[in-house]
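Overview (structure and organization)
Here are the chains, one letter per residue:
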Amino acid sequence: MTATADLGPTAAGSGRLATERFTEKARAGAAVDQERVSAIATDALSALHEVIRKHKLTYAEYDALKAWLIRVGEDGEWPLFLDVWVEHVVEEVVNADRKGAVGTIEGPYYIPGSPQFTSEATLPMRENEAGTPFLFQGTVTDLDGNPVQDARVELWHADDDGYYSQFAPGIPEWNLRGTIVTGADGRFAFHTIKPAPYQIPTDGSCGALIAAAGWHAWRPAHLHFKVTAAGKQPVTSQLYFEGGTHLEDDVAQAVKPELVLHPTPAASGNGEEVTYDFPLDPA
Ligand code: DHB
Ligand code: FE
């Protein structure tokens, strides 16, 4: 990684790190019911068979697919691939009945355990961190609007170059990552900077698919957050900025109208601010 410090993140670097992070999380995790494995795997394979019939796949194309799938694994890009092209539908079905704050994909760059603050905080950032200063504030409530105490609001986002700490070289460990624990008023206020649009790494297997298909690799600028509280359903989502590029053609298809912020000039005179509340569904 240090050898690439001047070049920004590579697919190999961010892919490998995302794979390591996910593997740690997955080891702790989930047993999957055998009947559902059978039903889902059968339908997934049938769907693929239909695509092959529909497009009359050639052996050259089948071999290209095989070679590409092997390369995704070698590059460590499965988390990137799945979170960009598959996760948004999982999120859609899992959260279909939710009444409170709207969710969207988590993506591959969440790290638990970011530095913790109460009520109001400046996210960890470098001296002279580039980007428009941005105040992101609001209240965590229940569905009736009552404030929720001891809710954890975790925020993480890319820097002004579109890079995430811990996944790109040369950025301090917890840069632009932090957690606020709410007090009795349920309020949180993060002082940060506006992130830049994010381009998924173009130099690996996901980039190869994008180039081969003539697509683009961009996501609109976004803030990631996760809000958790005792007795409430956690919400994982992202917020975007009105007028931002790629709101209409996010490669990860994770933009929803409710998630587009309309910031105003900051009352402090420095940068912009926005208020956004998180009503949480009961668990
Ligand atoms: C990916 C990156 C993101 O920052 C994000 O929010 C979603 C997906 C990715 O590279 O897979
Ligand atoms: Fe992201």
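The sections below set out a description of the structure shown in this document. All values reported here derive from a predicted model rather than from experimental measurement.

Rules used throughout
- Residues numbered from 1 in each chain as written.
- Chains lettered and ligands numbered in written order.
- Predicted model: local features only at pLDDT ≥ 70, side-chain atom pairs only at ≥ 80, totals over all residues.
- Heavy atoms only, no water.
- Helix = DSSP H or I, 4+ residues; strand = E, 2+ residues; numbered from the N terminus.
- Buried < 20%, exposed > 50% of the residue type's maximum accessible area, 1.4 Å probe, protein only.
- Axes fitted to C-alpha atoms, helices over the stretch in contact; angles between N-to-C directions.
- Parallel < 35°, antiparallel > 145°, perpendicular 65-115°, else oblique.
- Contact = heavy atoms within 4.5 Å.
- Nonpolar A, V, L, I, M, F, W, Y, C, P; charged D, E, K, R; others polar.
- Donors = N, O, S within 2.8 Å, 3.2 Å for Na, K, Ca; no water.
- Near = heavy atom within 4 Å.
- Polar contact = N/O pair within 3.5 Å; in protein donor to acceptor, adjacent residues only side chain to side chain.
- Areas by Shrake-Rupley, 256 points an atom, 1.4 Å probe, with all protein chains shown as cover.
- Salt bridge = Lys/Arg side-chain N within 4 Å of Asp/Glu carboxyl O.

Right, let's talk about the overall build of the protein chain for a bit. A count of helical and extended segments in the protein chain gives six helices and 14 strands. Each of the three principal axes of the protein chain carries a C-alpha extent, and together these read 60 × 45 × 35 Å. When burial is assessed residue by residue, the protein chain has 44% of its 283 residues classed as buried.

At a minimum axis distance of 9 Å, the contact between helix 4 (residues 78-85) and helix 6 (residues 205-213) shows a crossing angle of 45°. Looking at the two axes, helix 4 sits oblique to helix 6. Of helix 6, the residues touching helix 4 (which contributes Leu80, Phe81 and Trp85) are Cys206, Leu209 and Ile210. Considering only residue class, the contact of helix 4 with helix 6 consists of six nonpolar, no polar and no charged.

Taken together, Tyr164 (OH), His222 (NE2) and His224 (NE2) make up the protein donors of the iron ion (ligand 2), found 1.9 to 2.1 Å from the metal. In primary-sequence terms, the residues that donate to the iron ion (ligand 2) follow Y-x57-H-x1-H. In this pair, Tyr164 sits in the loop between strand 4 (152-157) and strand 5 (177-181) while His222 sits in strand 9 (residues 222-228), placing the two residues 58 residues apart along the sequence. For Tyr164, a relative accessible area of 3% corresponds to the buried category.

The local shell around ligand 1 holds 13 residues, among which Val84, Tyr164, Tyr198, Arg219 and His224 are the closest. Between ligand 1 and the protein, one listed contact pairs an oxygen atom with a side-chain N or O atom of Arg219 at 2.7 Å. When ligand 1 sits alone it has 290 Å² of accessible area, and the protein chains cover 100% of it. For the shell around ligand 1, the secondary structure elements donating two or more residues are helix 4 and strand 9.

Next up on the list: the packing of helix 3 (residues 59-75) against helix 6. At a closest axis distance of 8 Å, the pairing of helix 3 and helix 6 adopts a crossing angle of 145°. Residues Trp68, Arg71, Val72 and Asp75 of helix 3 form the contact with helix 6, whose own contacting residues are Ser205, Ala208 and Leu209. Residues belonging to the contact of helix 3 with helix 6 are distributed by class as follows: four nonpolar, one polar and two charged.

With that settled, the discussion passes to unusual backbone geometry. Look at Gln166: it is not a glycine, yet its phi comes out positive at around 70°. Along the chain, Gln166 turns up in the loop between strand 4 and strand 5. Overall, Gln166 belongs to the buried group, its relative accessible area being 15%.

Glancing now at the environment of Pro234. The topology assignment puts Pro234 in the loop between strand 9 and strand 10 (235-241). Residue Pro234 is classed as partly exposed on the basis of its relative accessible area of 46%. Not counting chain neighbours up to four residues away, the residues in contact with Pro234 comprise Arg98, Val227 and Thr228.

With that settled, consider the pattern of salt bridges. Using the criterion set out here, one finds 10 salt bridges in the structure. Residue Lys256 is joined to Glu91 by a salt bridge in which the shortest nitrogen-to-oxygen separation is 2.7 Å. Taken together, the positions of Lys256 in the loop between strand 10 and strand 11 (260-261) and Glu91 in helix 5 (residues 87-94) put the pair 165 residues apart, joining distant regions of the chain. Using a relative accessible area of 8% as the deciding quantity, one classes Glu91 as buried. A salt bridge links Glu106 to Lys226; the nearest nitrogen and oxygen atoms lie 2.7 Å apart. Placement of the pair is Glu106 in the loop between helix 5 and strand 1 (116-118) and Lys226 in strand 9, with a sequence separation of 120 residues. Of the residues examined, Lys226 reaches a relative accessible area of 12% and is grouped as buried.

Honestly, that's just the spatial picture; any functional story needs more than this.
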